[in-house]
Amino acid sequence: MQADQARAEIPLEHRDVVDGGSDRRNPVRRHWQAFFAAVQFLTRVPIPERFVNALPATARLELATIYFPLVGALIGLATAATIWLASHLWPTWLAVLLGLAAEALLTGALHEDALADCCDALGGGWTRADVLRILEDSRLGTYGVLGLTIAFLLRAGSITSLAAELLFPALIASAAIGRWAMVLALSWLAPVSERPSLAQQAGRQRLSVQGVAATLAALPGTLPLALLWPERLALAIIAVVVVTVLFVWYVRKRIGGLTGDCIGAIAYASQFVVLLTCAA
């Protein structure tokens, strides 16, 4: 009785956060909230708090990772549309730079920042403690500048080299597969326990459940490229899996687990791997 009275004093819009009851009875609403949580994490798009606050905080990001590939596909669509529109006014190389700049604004340069931090830490740190310390440092060093510059140029050059009919399919597929690789990494390696991050919040995903669900969420983003150029898509996926496996192995060897920066670096690297494959 006391518990019921205490619950009655909680505003209706916050009761699900406490007991999660209606979300368990309404899986559609639960997954809808998880999708908005993924949008909230991967982009700067303002999401009203009521769209995500019915999910318990401990479960929000773990379930949201399923939708990372789908949100990635939408980000890729926005980037491709910006490049296509800009190409009517400026040369292709300039349109690509404008498109990537617009994407950085949309995502808050989330993966670019992660890649630079990861290059600094893994390049400049000799011990595990050094790597973790540098990952926490917001300053950018030589390894970070060089790594991000090379990765950005590889991505921009690959997009510029694409045939016009491949712009939308390749960009959407690369963005979806890049976020799919994040879920793969979480499936294969546990997070670093002492470092609060995306990896720590999301936890170690079950490959049989989260991996399969994320793969299904990646299908809409990869379908256009699959219809237009299936063999190139297959090669791109194989390349991304190989790169992810090698990177996870290396990170395990260096620091024993994943951090949010490592996961973000995997996403960005996977994107230009897909684009390099499509532009070959």
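The structure under discussion appears in the preceding block.
Definitions and cut-offs
- Residues numbered from 1 in each chain as written.
- Predicted model: local features only at pLDDT ≥ 70, side-chain atom pairs only at ≥ 80, totals over all residues.
- Heavy atoms only, no water.
- 1 Å grid on protein atoms, 1.4 Å probe; cavity = no way out; pocket = protein on both sides within 12 Å on 5 of 7 lines; lining within 4 Å.
- Points joined across faces, edges and corners; volume = space filled by probe spheres on them.
- Helix = DSSP H or I, 4+ residues; strand = E, 2+ residues; numbered from the N terminus.
- Phe/Tyr/Trp six-rings, centres within 6.5 Å; stacked < 30°, edge-to-face > 60°.
- Buried < 20%, exposed > 50% of the residue type's maximum accessible area, 1.4 Å probe, protein only.
- Core = buried A, V, L, I, M, F, W, Y, C linked by side-chain atoms within 4.5 Å.
- Contact = heavy atoms within 4.5 Å.
- Expected span 1.5 Å × (residues − 1).
- Arc of directions from axis to C-beta.

Trainee: Lay out the layout of surface pockets in plain terms, naming residues and giving numbers.
Mentor: One number sums up the size of the largest pocket: a volume of about 330 Å³. Leu 115, Cys 119, Phe 247, Ala 269 and Phe 272 are the residues nearest the centre of the largest pocket, which is lined by 18 residues in total. For the lining of the largest pocket, the elements supplying multiple residues, two or more each, are α8 (110–124), α10 (142–161), α14 (230–255) and α15 (260–279). Element by element, the count of residues in the lining of the largest pocket is highest for α15, at 6 residues.

Trainee: I'd like to hear about the packing of aromatic side chains, residue by residue, with values.
Mentor: Going through the model one piece at a time under the given rule, you end up with 5 aromatic pairs. Aromatic side chains Phe 35 and Phe 36 sit 5.7 Å apart centroid to centroid with 65° between the ring planes, which places their arrangement in the edge-to-face category. Phe 35 gets classed as buried once you look at its relative accessible area, which sits at 14%. An aromatic cluster of at least three residues, connected via ring pairs, comprises Trp 32, Phe 35, Phe 36 and Tyr 67.

Trainee: Describe the nonpolar core, with residues and values.
Mentor: Val 71, Ile 83, Ile 159, Leu 171, Ile 255 and Leu 258 are the most contacted members of the largest nonpolar core, which has 72 residues in total. Leu 171 has contacts with Gly 76, Thr 79, Ala 80, Ile 83, Ile 159, Leu 166 and Leu 275, leaving out every residue within four places of it along the chain.

Trainee: Explain unusual backbone geometry residue by residue, including any values.
Mentor: For Ala 109, which is not glycine, the phi dihedral falls at a positive 50°. With respect to the element layout, Ala 109 can be found in the loop between α7 (92–107) and α8. Among the residues examined, Ala 109 registers a relative accessible area of 25% and is labelled partly exposed.

Trainee: Quick one: what's the story with α10, residue by residue and with numbers?
Mentor: Here α10 is 20 residues long and its end C-alpha atoms lie 28 Å apart, about the 28 Å a rise of 1.5 Å per residue gives. Burial in α10 covers these residues: Gly 144, Gly 147, Ala 151, Arg 155, Ala 156, Ser 158 and Ile 159. The buried residues of α10 occupy an angular sector of 160° when projected down its axis, which confines them to one face. The outward face of α10, more than 90 degrees from its buried face, is lined by the exposed residues Thr 142, Leu 153 and Ser 161. Along its buried surface, α10 packs onto α6 (68–86), α7, α8, α11 (167–188) and α15.

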